Amino acid sequence: MRLKLYRAASMPEAMASIRADLGAEALILGSRRIGGGIEVSAALEPALEEVPEPRFRREAALAWHRVPAPLDRLLAVGPLEEGLRRSLTFAELPLAPGNEPLLFAGPPGAGKTLAVARLATRLVMAGSAPTVVTTDTRRAGATEQLAAFTRLLGLKLIVAGHPLTLGRALAERAAGASVLIDSPGTNPFDPVQRDELAALAATAGATTVLVLPAGLDPDEAADLAGAFARIGASLLLPTRLDIVGRLGGVLAAAHAGPLALTEAGIGPGAADGAHRADGGFSCRTPAACGPQWRSPPMSPGHARLIAIASGKGGVGKTWFAITLAHALARAGKRILLFDGDLGLANVDIQLGLLPAADLSAVVSGSMRLAEVARPYPPGGFEILPGRSGSGALAALPPAIFERLLAGLIGLGERYDILLLDLGAGLDRSTRRMAGAADTLLVLATDEPGSLTDAYAVLKLNAADRGTADARVVVNQAPSRGAGERTYATLVRACRNFLGIQPPLAGVVRRDERVREAIRRQCLLLTRHPASQAGADVEAMVPALLEPAEHDTAHLSAAGRRLAG
């Protein structure tokens, strides 16, 4: 948004200047009388193109899911869903009568028997009577397990532990019946087991489906997929998608085979889901890696995340974060204040602290986050100090940054609220931490530069999180009325250009005692408990402790499972 002030002797003259400069699409945000004429604030938003997926968010998601480097490079170009369709193959299981038999292979314990039972159940419910064969005569109880399913379905289970008996059994099947073959758990690197599986598939003239559990190490999954592909596997059916979050192993297997992704097993029962995979990947299947990819699940904790951003520096963001932490602690909440300005952290400076350790110790691996967090008894809250002036922390690789953020939110069980004091600007780390928050507070003052930057923060937040909870705080306002007018100017631009209307969290009035408290490196609410700025911050606490109306529909990254 281009925001400019125009001064002229009259409104028509000001309007003429605005149209000449910004064009007919310019929006008038406000006007006021000044000595000798009028002052008008106007804005113009360039035509919005389709907002691309933020690159840093894709990198972080791919890193968290442990997507291997060869596939990661292929997915780096263009929309992620298109990249998946371009890099992987998707196919339906050929279950129709008259197709080749399907032989389900995989390592021991992968879920082959359950996959066969599920598909047999589906065919019976569709009015078909498939031929079900088990060739697994090695594992104790394997035949009885599958027989229990087939009896319920009214089917006869054929046991054929040798290629010759398998050939005879298939010769006697009903004409056109679908055939599902459960094979023994196979070590594809063992020549004897490998040859046995290949002989079974050749005798049956079967299409081999690799059944592989999700959650494997991506390199191990790729090795297994390649080995089974050399035996003849051409399709991949991943299992355990209901209990696994990271999908890198599944994608690595499909890419390394290469194997066509077919369906995904979900749930423990024969009637539970086997969901079709395609480039769009429905909820909780590998295709959730399309446009529905989300950030990793962060924590089982219950702490509420409140992030404080401004876009522009010098608007009092760190002071506000400290004072809000104090006010929340005075309300009886357990608070951790995290100095999230990874390059120019200064919470400790404003409070006159000399921390023995900071975030750099966590990044280096010498300490854990919980060990770096330290109590601040005067305020009744804890502080997790950053590292001032460290370019290395400001430019953390995405994978390390994601682990750091996950660790931070993993502290949630110890606190009621995690308060994140974000860095000024719109860099990758600031935007990512804002995206993890339940509530984003955007600070602005009445300066045009501050309004423009606050608008930019709200715009990017809307692109990243849709209508997730974002609120505006007007700081350093001459009066409540002036602060409300500043908010009206900002929200008018948001409403007209972005179609959003972030609510006003509060107005903090200009107060000289704030500067005095900062100079003395102490808490405003302690040194000047009756200050108007302190009262304004405390007045925001009740509303912040109540979830926004739309929080249940738009959960933060800390509360989501992948595409869940």
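Now for a quick tour of the structure. (Residues numbered from 1 in each chain as written. Predicted model: local features only at pLDDT ≥ 70, side-chain atom pairs only at ≥ 80, totals over all residues. Heavy atoms only, no water.)

Before going further, it helps to spend a moment on helix α8 (residues 191-204). With 14 residues, α8 extends 20 Å from end C-alpha to end C-alpha; this agrees with the ideal 20 Å at 1.5 Å per step. Every buried residue belonging to α8 is among Leu197, Leu200, Ala201 and Ala204, and all of these are buried. Along the long axis of α8, the arc covered by the buried residues comes to 95°, so they all point the same way. For α8, the exposed residues set more than 90 degrees away from the buried face come down to Val192 and Ala202. Those residues of α8 hidden inside the fold are in contact with β5 (102-105), α7 (163-171), β8 (179-182), β9 (207-213) and α9 (218-231). The distance from a side-chain oxygen at the start of α8 to the backbone nitrogen of Val192 is 2.9 Å, and the residue carrying that oxygen is Asp190. Looking one or two places after α8, you find Gly205, whose phi comes out positive at around 60°. (Helix = DSSP H or I, 4+ residues; strand = E, 2+ residues; numbered from the N terminus. Expected span 1.5 Å × (residues − 1). Buried < 20%, exposed > 50% of the residue type's maximum accessible area, 1.4 Å probe, protein only. Arc of directions from axis to C-beta. Contact = heavy atoms within 4.5 Å. Polar contact = N/O pair within 3.5 Å; in protein donor to acceptor, adjacent residues only side chain to side chain.)

Quick look at the layout of surface pockets now. For the second largest pocket, the calculated volume is near 550 Å³. Taken together, 20 residues line the second largest pocket, and the ones lying closest to its centre are Arg32, Glu39, Ser41, Asp446 and Thr489. Looking at side-chain class alone, the lining of the second largest pocket contains nine nonpolar, five polar and six charged residues. (1 Å grid on protein atoms, 1.4 Å probe; cavity = no way out; pocket = protein on both sides within 12 Å on 5 of 7 lines; lining within 4 Å. Points joined across faces, edges and corners; volume = space filled by probe spheres on them. Nonpolar A, V, L, I, M, F, W, Y, C, P; charged D, E, K, R; others polar.)

The omega torsion across Gly257 and Pro258 is -15°, close enough to zero to call that bond cis. Position of Pro258 among the secondary structure elements: in the loop between α10 (248-256) and β11 (260-261). Even without being a glycine, Gln476 presents a positive backbone phi close to 55°. Relative to the elements of secondary structure, Gln476 occurs in strand β20 (residues 470-477). If you check the backbone angles, Gln521 has positive phi at about 55° while not being a glycine. Looking at the element boundaries, Gln521 is found in the loop between α20 (512-519) and α21 (524-527).

Another aspect to go through is empty space enclosed by the protein. Under the defined criterion, the tally for this structure stands at seven cavities of 30 Å³ or more. Size it by volume and the largest cavity reaches roughly 120 Å³. Around the largest cavity sit 14 residues that line it, and Leu426, Thr430, Arg431, Ala434 and Val457 are the ones nearest its centre. With five residues, the single largest contributor to the lining of the largest cavity is helix α18 (residues 448-465). Taken together, the residues of the lining of the largest cavity break down into seven nonpolar, four polar and three charged.

If you trace the eight strands from one edge of the open sheet to the other, you get β4-β11-β10-β9-β5-β8-β6-β7, paired in parallel fashion. Bordering the open sheet on either side are β4 (89-90) and β7 (157-159), each of which pairs with just one other strand. Across six bridges, β9 lies against strand β10 (residues 233-239) in parallel orientation. The residue of β10 that forms the bridge with Pro213 is Thr239. (Pairing = 2+ DSSP bridges.)

With 51 residues, the main nonpolar core has Leu384, Leu440 and Leu490 as its most contacted residues. The biggest single contributor to this core is helix α19 (residues 480-498), with six residues. Filtering out sequence-adjacent residues up to four positions away, Leu490 remains in contact with Ala444, Leu451, Ala454, Tyr455, Leu458 and Val472. If you look at the next biggest cluster of nonpolar residues, it comprises 41 residues, including Leu75, Leu103, Leu200 and Leu241. (Core = buried A, V, L, I, M, F, W, Y, C linked by side-chain atoms within 4.5 Å.)

Quick look at the sheet that holds strand β17 (residues 381-384) now. Spatially, eight strands are ordered β16-β17-β15-β18-β14-β19-β20-β21 in an open sheet, and the strand pairing comes out mixed. Pairing within the sheet leaves two strands with one partner each, and these edge strands are β16 (374-376) and β21 (504-509). Direction aside, neighbouring strands of the sheet carry axes that sit 25° apart on average. (Axes fitted to C-alpha atoms, helices over the stretch in contact; angles between N-to-C directions.)

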